[in-house]
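# Summary of structural features
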Amino acid sequence: MPVYGPNGALNVTFADGTRRTGLYSPSGSFYVNLVGSVDWAIPGSLYGIVPDTGADMTANLQEAINEVSKIGGTLVLAPGRYISGPLTFGAVGELLSMTLMGSGRNSTVASDLSTDSTGTVIQLAANSTGPLFGINECNGVFHFDQLALYGNQANQSSDLTCAIYFFDGVSPGRSGTMRRMRIERFRGGGIQVGLNRNAGQIHECVILSCGYQPGGTPTAIGADGITFQSCSDWRVNNSDVGACSRNGIYAVGAGSLEIQNTNSFSNLKHGYRADPDCGDTRWVGGSLDRNRESGAVLQGQIQSNLGFKHVISKTIFVINSYDTNNGFADIRLIDCTGNVIIDKPYFQESSLTANKVNYNILTEGTTTDAIVTDIQNHGTVSYVTAFTNDESRLTRG
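These remarks concern the structure in this document. (Residues numbered from 1 in each chain as written. Predicted model: local features only at pLDDT ≥ 70, side-chain atom pairs only at ≥ 80, totals over all residues. Heavy atoms only, no water.)

So, on to the pattern of salt bridges. Evaluated as defined, the whole model comprises 11 salt bridges. Arg-185 is paired through a salt bridge with Glu-184; the nearest N and O atoms lie 3.2 Å apart. Residue classification places Arg-185 among the partly exposed residues on the basis of a relative accessible area of 29%. The salt bridge partner of Arg-246 is Asp-224, with a shortest N-O separation of 2.8 Å. In this pair, Arg-246 is assigned in the loop between strand S23 (240-242) and strand S24 (249-252) and Asp-224 in the loop between strand S20 (206-208) and strand S21 (226-229), connecting sequence segments 22 residues apart. Under the relative-accessibility criterion, Arg-246 is labelled partly exposed at 26%. Sharing partners across several salt bridges, the network here consists of Arg-182, Glu-184 and Arg-185. (Salt bridge = Lys/Arg side-chain N within 4 Å of Asp/Glu carboxyl O. Buried < 20%, exposed > 50% of the residue type's maximum accessible area, 1.4 Å probe, protein only. Helix = DSSP H or I, 4+ residues; strand = E, 2+ residues; numbered from the N terminus.)

Written out as structure tokens, the structure is:
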């Protein structure tokens, strides 16, 4: 009988003299031969992870994550609903990586994960005190694929209960990918990327209704669908982010951030917000639609003299600032001293909205030399730009 060691993958000599390398379950039974394997796919059932029982699977999931991450394998969860508290990936200094994969997904925006268990759904246990998936500062890459994550926010009291959190790193490190995910109703937000967590990708994800307290009121601090903080080289492609209590996507100190063919809609503040000291942010394609305050807010960069810039290109803006007369706009430029390019924006308003957008583009502070080309405006209001200082110069191409 082999001894189950701390590294998961062991070389074991059997009674017949054969020697095998494989992953062994806690009971010691030989499970899968890893030699020459391309994809080390480990079913969750090996660790007693069973869906639709109503039982708390936290301990089973954590044990599986601890072991599969040591061999860079894929933990596969069968369709159904799983209940789990906060889970952690890795520790400081460890060299770990893994993929957590579901079976099928529910990508329909109109569905509700509180009752819909299509595909693999992981539900955060009531009264949790941290993120469902917390990726610690370790040297490795973690991937999430074809999972639906339900935050159960009506039964949460902690604002730390987000879906996926890449914790701050002391030194730059890679992060991972999230593909074909659905994330819904997390009180503390959807995906949070912390300091120095670089080189990640978010593809074909739906993130909805994050940041609310029981009863449907927004949390005191608000929550974003996706937050990037002091990180670089992230890509968001073909995703939908909506109905969050603060911003759809929020970037602060993020560099080389590219968002393509993504829709951010019906968020309580802004569809997209880039705060100071972001470098080379690009939103290309997609839409910013019916966000309560502004579609996009771009704020000046401390390092603008280094050539960093904000770019918004070929993006549709529809009825942002829909119920306020406080001077918000489809696009707000705040203290952007050059290095702002808005290329081929498409503005569309509606006569059915009582308090439609005040301005398509609003410049504030010391904004200068913003370049706007090929404006397309379709609706009941004409293209309007408001200047709040004498130094602004907006060029309409």
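This part covers the environment of Arg-185. Inspection of the secondary structure assignment puts Arg-185 in the loop between strand S16 (182-184) and strand S17 (191-193). In this structure, the C-alpha to C-alpha distance between Arg-185 and Leu-149, residues 36 residues apart in sequence, is 8.7 Å. With sequence-adjacent residues up to four places away left out, Arg-185 is seen in contact with Asp-112, Tyr-150, Gly-151, Asn-152, Gln-153, Leu-208, Ser-209 and Cys-210. (Contact = heavy atoms within 4.5 Å.)

Side chains on a regular strand alternate between the two faces of the sheet. Here 4 bridges tie strand S8 (residues 98-101) to strand S11 (residues 142-145), and the two strands are oriented parallel to one another. Along S11, the bridge assignment pairs Thr-99 with His-143. As paired strands, S11 and strand S15 (residues 176-179) are joined by 4 bridges and run parallel to one another. Among the inter-strand pairings, Asp-145 is bridged to a residue of S15, identified as Arg-179. (Pairing = 2+ DSSP bridges.)

Structurally, Thr-161 is set in the loop between strand S12 (148-150) and strand S13 (164-166). Overall, the relative accessible area of 0% leaves Thr-161 in the buried class. Counting along the chain gives 33 residues from Thr-161 to Ser-128, while the straight-line C-alpha distance between them is 6.8 Å. Ignoring any residue separated from it by four or fewer positions in sequence, one finds Thr-161 in contact with Leu-124, Ser-128, Thr-129, Gly-130, Pro-131, Gln-156, Phe-186, Arg-187, Gly-188 and Gly-189. Here the side chain of Thr-161 touches Ser-158 through a polar contact of 2.8 Å, landing on its backbone oxygen. (Polar contact = N/O pair within 3.5 Å; in protein donor to acceptor, adjacent residues only side chain to side chain.)

Of all hydrophobic cores here, the largest spans 70 residues; its most connected members are Phe-133, Phe-144, Leu-149, Ile-164, Met-178, Phe-228 and Tyr-272. For this core, the leading source of residues is helix H1 (residues 58-68), giving 4 residues. What Ile-164 contacts, discounting residues up to four positions off in sequence, is Phe-133, Ile-135, Phe-144, Leu-149, Met-178, Met-181, Gly-190, Ile-191 and Gln-192. (Core = buried A, V, L, I, M, F, W, Y, C linked by side-chain atoms within 4.5 Å.)

Here the focus is unusual backbone geometry. In this structure, Asn-152 is a non-glycine residue whose phi angle is positive, near 55°. With respect to the element layout, Asn-152 can be found in the loop between S12 and S13. The class of Asn-152 is buried, set by a relative accessible area of 7%. Even without being a glycine, Glu-204 presents a positive backbone phi close to 50°.

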